[in-house]
Amino acid sequence: MEIIDAEVVAGSPRCGLGESPVWDDRTGLLQWIDIEGRRLHSLDAAGTVRSVTLSQTVTSIGLSTQGPLVGTSADGFAMIDIGGTVTRLGDGLGLPAGDRMNDGGCDPAGRYWAGSMNATGGAGTASLWRIDAEGRIRRILDGVTESNGLAWPTADADAPYYVDTAQQRIDRLSVTATGTVASREPVITFDEDEGASDGLAVDADGNLWVALWGSGRVRQVRPDGTTLCEVRVPATSCSNIAFFGGEGRWRLAITTALEDVSPEQRAADDRHGALFVADVPARGTLGHRFRSPGPGGALA
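Residues numbered from 1 in each chain as written. Predicted model: local features only at pLDDT ≥ 70, side-chain atom pairs only at ≥ 80, totals over all residues. Heavy atoms only, no water.

What about the sheet that holds strand S3 (residues 18–24)?
Strand pairing within a sheet occurs via backbone hydrogen bonds; the two strands may be parallel or antiparallel. The strand order S3-S4-S5-S6 describes an open sheet built from four strands, whose pairing is antiparallel. Looking at which strands have only one partner, the edges of the open sheet turn out to be S3 and strand S6 (49–53). Direction aside, the axes of adjacent strands within the sheet are offset by 20 degrees on average. Taken together, the five bridges between S3 and strand S4 (residues 29–34) define a ladder with antiparallel strand orientation. Bridged to Asp24 within S4 is Leu29. (Pairing = 2+ DSSP bridges. Helix = DSSP H or I, 4+ residues; strand = E, 2+ residues; numbered from the N terminus. Axes fitted to C-alpha atoms, helices over the stretch in contact; angles between N-to-C directions.)

Side note on the sheet that holds strand S8 (residues 69–73)
Spatially, the five strands line up as an open sheet ordered S10-S9-S8-S7-S26, and their pairing is mixed. The open sheet has two free edges, formed respectively by strand S10 (86–88) and strand S26 (289–290), since each of these has just one partner strand.

Digging into the layout of surface pockets
Approximately 620 Å³ is the volume attributed to the largest pocket. Leu150, Leu200, Ala201, Gly287 and His288 are, among the 31 residues lining the largest pocket, the residues nearest its centre. Broken down by secondary-structure element, the contributors of at least two residues to the lining of the largest pocket are S3, strand S7 (58–64), strand S11 (99–106), strand S15 (147–151), strand S19 (196–202) and strand S23 (238–244). Classifying every residue of the lining of the largest pocket gives 18 nonpolar, eleven polar and two charged. (1 Å grid on protein atoms, 1.4 Å probe; cavity = no way out; pocket = protein on both sides within 12 Å on 5 of 7 lines; lining within 4 Å. Points joined across faces, edges and corners; volume = space filled by probe spheres on them. Nonpolar A, V, L, I, M, F, W, Y, C, P; charged D, E, K, R; others polar.)

Considerations on the environment of Thr65
Along the polypeptide, Thr65 turns up in the loop between S7 and S8. Overall, Thr65 belongs to the partly exposed group, its relative accessible area being 27%. Measuring from C-alpha to C-alpha, the distance between Thr65 and Ile4 comes to 34 Å, with 61 residues separating the pair along the chain. (Buried < 20%, exposed > 50% of the residue type's maximum accessible area, 1.4 Å probe, protein only.)

Comments concerning the environment of Arg266
Inspection of the secondary structure assignment puts Arg266 in helix H1 (residues 263–268). You can call Arg266 partly exposed: its relative accessible area is 40%. Here the alpha-carbon distance between Arg266 and Val210, two residues 56 residues apart in the chain, equals 24 Å. In contact with Arg266, other than residues within four places in its own chain, are Leu258, Val261 and His272. There is a polar contact of 3.3 Å between the side chain of Arg266 and the backbone oxygen of Val261. (Contact = heavy atoms within 4.5 Å. Polar contact = N/O pair within 3.5 Å; in protein donor to acceptor, adjacent residues only side chain to side chain.)

Brief notes about unusual backbone geometry
The phi angle at Ser20 is positive, at roughly 55 degrees, despite the residue not being glycine. With respect to the helices, strands and loops of the structure, Ser20 is situated in strand S3. On the basis of relative accessible area, Ser20 is assigned to the buried category, the value being 3%. For Arg38, which is not glycine, the phi torsion reads 55 degrees and is therefore positive. Along the chain, Arg38 turns up in the loop between S4 and strand S5 (39–43). Since its relative accessible area comes to 34%, Arg38 is described here as partly exposed.

As structure tokens, this is what we get:
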């Protein structure tokens, strides 16, 4: 197993809960959010970091066809413009008390998937949802506790890898045309001392990359469970990952958080909550885009 050390990005803000990194090959920007700080951050090719305040809490972001980001607010789907304005997309989801939306991702068909989580310690009250280009929202899966990573290894939009962190594993879903789960197959399981499975990415060879919350580690794992590479991060709360940079120099971006980091740990190392990058032995793939509302509200 190859071991790689991640490096902190100079000037990156310390996020209460850094999340949802996404790279836009059209603009060259790597963007991520601080859920707790209600901020949208970006890193350009020159290494400059910029930040804007969001008009409301955003819990995930993804690329779209028209420019603004797609994502989720605390209680539903939304569009997020470059200035930080958050606009509801579709109807509110009517989440149970104590739940909020969490991580998300766009599939090869141009639909955005996102799940909720119980923020008060309860179990099984959350769900996985998706919204399509016509604004139709489907609830795909119930009985979830903390919906997190989503990644598509092929062009099959109805067969994502999926993480419900409370389960300590990565599953492969098979979803029917009507939006029901035909099967949910556990693929990789993690022991508690390895960290909690969180954000996901898939490289060009179909291997999984998973952020392990609480451990300061990101792993590259084959679908058969064989660990190929481990990235060590000097921040324990690793939340999510994304490939960026494109052909010639794909790199891995890693978001982290101050959440679950003790005052003693923060005093010992001020890099908790920062953005990290690592040169890894893998090629990324371009992110899928949500078929978002165009001029006049038409979906493109």
